[in-house]
Amino acid sequence: MAAYLCPPTVIHGEHPVTTSQIVAEVSDRHPHAAWAPRVDGIAASTGIETRGWMLPLETAVAPGTGNGLRSVGVEPAQQALARGGFTQQDVDRMIAALETIPAPQTVQERTAPAWEAVQSYGERAARGALQSAGLDAAHVDCVITSHSTTPALPGLDITLANKLPLRSDVMMLPATQWACIAGTRSLALAADLVAADPDRVVLIVIAEALSTTYQPADDTLESLIVRLLFADTAVAAVVTGRPRPESVLRLDAAWHHTLPGTQDLHRLETRADGTHFVMDRRGPRAVQQTVTAMWEWLRVRYQDEPGSWHPDVLLAHPGGTRVLEYMEQTMPDAWPPGLLDYSRDSYTSGNRGGAAVFDILRRAQDAGRLKPGDRAVLYAAAPGLTATALEGEWL
C-alpha cells in the first residue's frame, strides 16, 4: 500500500473565541435553561479555554436582517389582527412592535460568509501544502476535498481548480459528508490512488467552519456542549506514491469500520436558522466500539510480534475526552504511556472535526521527538458511526 505523506499545512481560525465569552453569551440569552446553574462546571469540563473561528463570535449571534413579521408578512398579520376584533389603532401599534423584533439569521445569512471563509482558508492551506512538498499546482493529479459544515455546489474542489489553478485534467474527488473522518479517510483513499499509479500526486484539502453549528436560540444541553467544543480549521497535505525528500510519514495499511444502526447518534440537521449538530449521549459508547475493533485489527496485523510491537505515537481524533480516556484504558499494558499526548494537546483548543488528525500530526512533527522508523497509528470516528485508521512509519 506504501504511500508517502508530506508535511501538512494547518491554518487555525484567526478569530479567538474564549470559553468565558461563550458562557457569558449563553447565560445572558438563556438564564432559565435547565443547565444554567451548572454552566461554569460544564464549560470547565471540556478543558478548552480558547478556540479559533474563521469568523468572530459576533457574526454567529447577530440577528438576521428581517424582523418578527418576516415569515408571515405585514399584510397577512394586519388582516389576522383585524379579524380578531382589534381596532386599526391597535393593529398599527402591534405591527410596529413586531417590526422591531429581530428575526434569527436565515440559513443563507449564516452560511454564505462561512462558505467564503472556507474557500479562502482552503486555498491558503493548499498553497502551503504544495510549498511544503516542494511542488506546485501543475504537479497535482487528483484533489480530495471535504467541508461538511458549509454545503455548496460546486464545492471546494472547483474553487481550488480555479484559484490555484489546477490542470484541467485533474481528478476531482469531493467528499462533503465525511465530517470528522475526513482526515484519515482521505489519506486512505489517496493511498489507494497512488498504489494504482505511483507517479500520481494527490492533494488533500479539508476546511471546516464548525462554528456554523453555534445556534444561539437552541437551549438544549447538547447544543450548549456543541457551542463549547468546536473550532474552525483548514488543513492540506500532499500524498505521493514514491518517497520525496519532504515526506514525513509512510502509510502502510488502512482499516475501515462502520457500526450498523448508529446513523442517528450524531448528525447534522439543516433548519430554518441554519445547521444544527445533534448529539446523542450514546455516541461515546458507540465510538468506543470502533476503538475496540481497531485494537483487534492491530493485534491481528502484528500477531507474529505479540509481545514486542507497539505504536510510538497514536494520532487519534475520537471526538471527545471520554473516548481518549477509554483508549488509554483499553490499550495493551505493555504499550508506553503518552501515546495520545498530541491528540490531547490538539483538543485543548477545540474539536476540529475532519481537520483534527492533520493538526495532531503537525503537532507531533513540530515537537521533533519522533525519529525515523517510529510506528504511527492514525484514527478517527465520525457520525455514521464509522471509523478509519491507518498504520505507518515515521520517516
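Analysis parameters
- Residue numbers run consecutively from 1 along every chain, following the written order of its sequence.
- Given that the model is predicted, a residue must reach a pLDDT of at least 70 before its local features are reported, and side-chain atom pairs must reach 80 or more before they are shown or counted; all residues, however, enter totals for whole chains, interfaces and linings.
- Only heavy atoms go into the side-chain values, all of them from the structure, while hydrogens and water stay out.
- The helix and strand labels rest on DSSP assignments: H or I over at least four residues marks a helix, E over at least two residues marks a strand, and numbering proceeds from the N terminus.
- Here the globule rule reads 2.2 Å times residues to the power 0.38, and the radius of gyration is calculated from C-alpha atoms.
- Residue exposure (1.4 Å probe, protein chains only): buried if accessible area is under 20% of the type maximum, exposed if over 50%, otherwise partly exposed.
- Note on contacts: a residue pair qualifies if any of its non-hydrogen atoms lie within 4.5 Å across the two residues.
- To be clear on the numbers: accessible area is Shrake-Rupley with a 1.4 Å probe, and residue cover counts the displayed protein chains and nothing else.
- Under the convention used here, Asp and Glu are negative, Lys and Arg are positive, and both His and the chain ends fall outside the count.
- All charge positions are set by atom: Lys at NZ, Arg at CZ, Asp at CG, Glu at CD.
- Criterion for a salt bridge: a side-chain nitrogen of Lys or Arg within 4 Å of a carboxyl oxygen of Asp or Glu.
- Orientation is described by axes fitted as lines to C-alpha atoms, over the contacting stretch for helices, and by angles from 0 to 180 degrees between their N-to-C directions.
- In a left-handed crossing the near helix is turned counterclockwise from the far helix by less than a right angle, and in a right-handed crossing that turn is clockwise.
- Side-chain atoms within 4.5 Å link the members of a nonpolar core, which is a set of buried Ala, Val, Leu, Ile, Met, Phe, Trp, Tyr and Cys residues.
- Paired strands, in this sense, are two strands between which DSSP finds at least two bridges.

## Some points on the overall build of the chain
Along the backbone of the chain there are 13 helices and 14 strands. Its C-alpha radius of gyration of 23 Å places the chain within 12% of the 21 Å reference for a compact globule of 395 residues. Expressed as lengths along the three principal axes of its C-alpha atoms, the size of the chain is roughly 85 × 50 × 35 Å. Within the chain, the fraction of its 395 residues that count as buried is 54%. Of the contacts formed within the chain by residues at least 6 apart in sequence, a portion of 81% connects residues at least 24 apart. By element, 53% of the accessible surface of the chain is carried by carbon and sulfur atoms, the whole surface being about 17,100 Å². A distance of 1 Å separates the average location of the 32 positive side-chain charges in the chain from that of its 45 negative side-chain charges.

## Quick notes on the pattern of salt bridges
Per the stated rule, a full pass over the model turns up 23 salt bridges. Notably, a salt bridge pairs R93 with D90, separated by 2.3 Å at the nearest N-O pair. Here R93 and its partner D90 are both found in helix α5 (residues 88–99), three residues apart, which amounts to about one turn of the helix. Relative accessible area serves as the criterion here: at 24%, D90 is assigned to the partly exposed category. Residue R267 pairs with E269 through a salt bridge whose shortest N-O separation is 2.9 Å. Within the structure, one salt-bridge network assembled from shared partners comprises R250, D252, R301, R375, E391 and E393.

## A few points about the packing of helix α10 (residues 283–301) against helix α11 (residues 321–330)
The N-to-C vectors of α10 and α11 enclose an angle of 35°; their axes lie 10 Å apart at closest approach. For the element pair α10 and α11, the recorded crossing hand is right-handed. For the pair formed by α10 and α11, the contact residues are P284, V287, Q288, V291, T292, M294 and W295 on the first element and R322, V323, Y326, M327 and T330 on the second.

## Examining the nonpolar core
The biggest cluster of nonpolar side chains holds 40 residues, and the ones touching the most others in it are I144, L187, V202, I204, V239, L249 and L378. Of all the elements, helix α8 (residues 182–196) adds the most residues to this core, at seven residues. If we ignore the near neighbours within four places in the chain, the residues touching I204 are I144, S186, L187, A190, V235, A236, A237, V239 and F358. Counting 31 residues, the second largest nonpolar core, distinct from the first, contains V118, A129, A133 and A207.

## Digging into the side chain of S146
Position of S146 among the secondary structure elements: in strand β5 (residues 142–146). Its relative accessible area of 1% is what places S146 among the buried residues. Among all residues touching S146, those that are not within four sequence positions of it are A175, T176, W178, A179, A182, V205, I206, A207 and E208.

## Observations regarding the pairing of strand β8 (residues 233–240)
Of all eight residues in β8, eight are buried; the element is thus mostly enclosed. Burial along β8 is two-sided: T233, V235, A237 and V239 facing one way and A234, A236, V238 and T240 facing the other are all buried. Where strand β2 (residues 9–12) meets β8, four bridges bridge the pair, whose relative direction is antiparallel. By the bridge assignment for β8, T9 is matched with A236. In the sheet, strand β7 (residues 201–208) pairs with β8 via eight bridges, with the strands oriented antiparallel. Across the sheet, residue E208 finds its bridge partner in β8, namely T233.

## Points about unusual backbone geometry
One can expect most non-glycine residues to show negative phi and most peptide bonds to be in trans. With an omega of -15°, the peptide bond running from L164 to P165 counts as cis. Mapped onto the secondary structure, P165 falls in the loop between α7 (156–163) and β6 (171–174). Although it is not a glycine, A179 sits at a positive phi angle of roughly 55°. Turning to its location among the elements, A179 is positioned in the loop between β6 and α8.

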